[in-house]
Amino acid sequence: MTIRIDSVENRCVTTSTIGYMCLALTLWMASMTTAGWYEHMYAHGTALLLPMAAGLALMGILAHLRARSLDAVVFFGGALLLWSAHAAGMSAGEPASYTGWYWAVWAAFFGYVWLGSFHASLPRQLFLLGLTLLLLAGALHQWTGLAVFRAIGGYIGLITALLAGLVSASGFIAYGKETHSPNDDHHPAGQPHAA
């Protein structure tokens, strides 16, 4: 049995599209709060954390199975970050310095992934750099108590969410014109579908 390369690539595009869109949506909702647009994250924002973490974990598995190492690491890391943020939201208060270390450890992790991403596309590199800076700003805010770091992190987060959306859409922009299924909308009428 032979597998068509374009068919496998389309499945990789779907995995990447869904994974980065999970990150884009969640980052946008969280960053609106840290940028100062809202006082705190409301129910619709916090309700995203656990399902998006589960979605990212699934996309991480699929990316790994398709040998998309960078996407797999980003999605697994994102899933763990969102899941732990959800769990932390249900716990009692903790010292700000400890929370700062939490954000610093995640900044170090995604900084490490960013350093390994230089073979990837520029939007993926910028996304990882933005995510690293966002998490670093969160750590600095917790350690210093200066609201300016929170606001800077919020606006970096909004930009990073847009970059994640760009990465998500870029796959469909590049490969979405190809039709390989009877379910595709833009297949010329009366012509047989590719096998």
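Position labels on residues start from 1 in each chain and follow its written sequence. Since the coordinates come from a predicted model, pLDDT governs what is reported: local features require at least 70, and pairs of side-chain atoms require 80 or more to be given and counted, while whole-chain, interface and lining totals use all residues. The basis for the side-chain values is all heavy atoms of the structure; hydrogens and waters are excluded.

### Topic: the overall build of the protein chain
What the protein chain contains, in helices and strands, is 6 helices and 0 strands. Overall, the protein chain shows an N-to-C arrangement of helices and strands of α-α-α-α-α-α. We call a residue buried when its accessible area falls under 20% of the maximum for its residue type, exposed when it is over 50%, and partly exposed in between, using a 1.4 Å probe and counting protein chains only. In the protein chain, which comprises 195 residues, the proportion classed as buried is 37%. Considering only contacts within the protein chain whose residues lie at least 6 apart along the sequence, 69% involve residues at least 24 apart. Only the protein chains shown count as covering a residue, and every accessible area follows the Shrake-Rupley method with a 1.4 Å probe. For the protein chain, the exposed area adds up to about 11000 Å²; of that, 71% sits on carbon and sulfur atoms. By definition, any uninterrupted DSSP run of H or I lasting at least four residues is a helix, any uninterrupted run of E lasting at least two residues is a strand, and each is numbered from the N terminus. Should any heavy atoms of two residues lie within 4.5 Å, those residues are considered in contact.

### Some thoughts on helix H2 (residues 43-65)
For a helix, the expected span equals 1.5 Å multiplied by the residue count minus one. Taking 1.5 Å of rise per residue, 23 residues should cover 33 Å, and H2 covers 34 Å from first to last C-alpha, within 8% of that figure. All of the buried residues along H2 are Gly45, Leu48, Leu49, Met52, Ala53, Gly55, Leu56, Met59, Gly60 and Ala63. Phi turns positive, to about 60 degrees, at Ala67, one or two residues after H2.

### Digging into the nonpolar core
Across soluble globular proteins, you tend to see nonpolar side chains buried next to one another. The set of buried Ala, Val, Leu, Ile, Met, Phe, Trp, Tyr and Cys residues whose side-chain atoms join them within 4.5 Å is what this entry labels a nonpolar core. Counting 33 residues, the largest nonpolar core has Leu23, Val74, Phe75 and Phe127 as the members making the most contacts within it. Within the residue set of this core, elements represented by two or more residues are helix H1 (5-34), H2, helix H3 (69-89), helix H4 (96-115), helix H5 (122-144) and helix H6 (147-175). In contact with Val74, other than residues within four places in its own chain, are Tyr20, Leu23, Phe110, Val113, Phe127 and Leu128.

### Thoughts on the side chain of Thr33
You can see Thr33 is positioned in helix H1. In contact with Thr33, other than residues within four places in its own chain, are Tyr38, Glu39, His40, Met41 and Arg150.

### Regarding unusual backbone geometry
Of note, Ala67 is a non-glycine position whose phi angle comes to about 60 degrees, a positive value. Considering the arrangement of structural elements, one finds Ala67 in the loop between H2 and H3. Of the residues examined, Ala67 reaches a relative accessible area of 63% and is grouped as exposed.

### Description of a nonpolar patch on the surface
What makes a patch is a set of residues exposed beyond 30% relative accessible area and free of salt bridges, joined within 9 Å when like-charged and within 5 Å when nonpolar (Val, Leu, Ile, Met, Phe, Trp, Tyr). A side-chain nitrogen of Lys or Arg and a carboxyl oxygen of Asp or Glu constitute a salt bridge if their distance falls within 4 Å. On the surface, Trp37, Tyr38, Tyr42 and Tyr155 cluster together into a nonpolar patch covering about 460 Å² of accessible area. Within the secondary structure, Trp37 sits in the loop between H1 and H2.

### Focus: the packing of H2 against H3
Two quantities define a packed helix pair, namely the angle between the axes and the distance from one axis to the other. With axes taken as lines fitted to C-alpha atoms, and helix axes fitted only over the stretch in contact, angles between N-to-C directions fall between 0 and 180 degrees. Where H2 meets H3, the closest approach of the two axes is 8 Å, and the angle between their N-to-C directions is 155 degrees. One way to sum up the angle between H2 and H3 is to call them roughly antiparallel. In the packing of H2 onto H3, the handedness of the crossing is left-handed. In this structure, H2 contributes Thr46, Leu49, Leu50, Met52, Ala53, Leu56, Ala57, Met59, Gly60, Ile61, Ala63 and His64 to the contact, and H3 contributes Asp71, Ala72, Phe75, Phe76, Gly78, Ala79, Leu82, Trp83, Ala85 and His86. In this classification, the charged set is Asp, Glu, Lys and Arg, the nonpolar set is Ala, Val, Leu, Ile, Met, Phe, Trp, Tyr, Cys and Pro, and all remaining amino acids, among them Gly, are polar. Looking at the contact of H2 with H3, its residues break down into 16 nonpolar, 5 polar and 1 charged. Working rule for angles: under 35 degrees goes down as roughly parallel, over 145 as roughly antiparallel, 65 to 115 as roughly perpendicular, anything else as oblique. When the near helix sits turned anticlockwise from the far one by under a right angle, the crossing is termed left-handed; a clockwise turn instead gives a right-handed crossing.

### Structural notes on the confidence of the model for the protein chain
Atom-level detail of predicted coordinates should not be read off regions where pLDDT is low. Here pLDDT means the predictor's own confidence in every residue, given as a number from 0 to 100. Averaged over all residues, the pLDDT of the protein chain equals 85, while 81% of them reach at least 70. At the low end of the mean pLDDT range in the protein chain sits H1, at 81; at the high end sits H5, at 97. Counted against residues more than four places away or in other chains, residues 1-8, with its pLDDT under 50, gives 7 contacts. In this model residues 180-195 is a low-confidence stretch, pLDDT under 50, and it forms 14 contacts with partners more than four residues away in sequence or in other chains.

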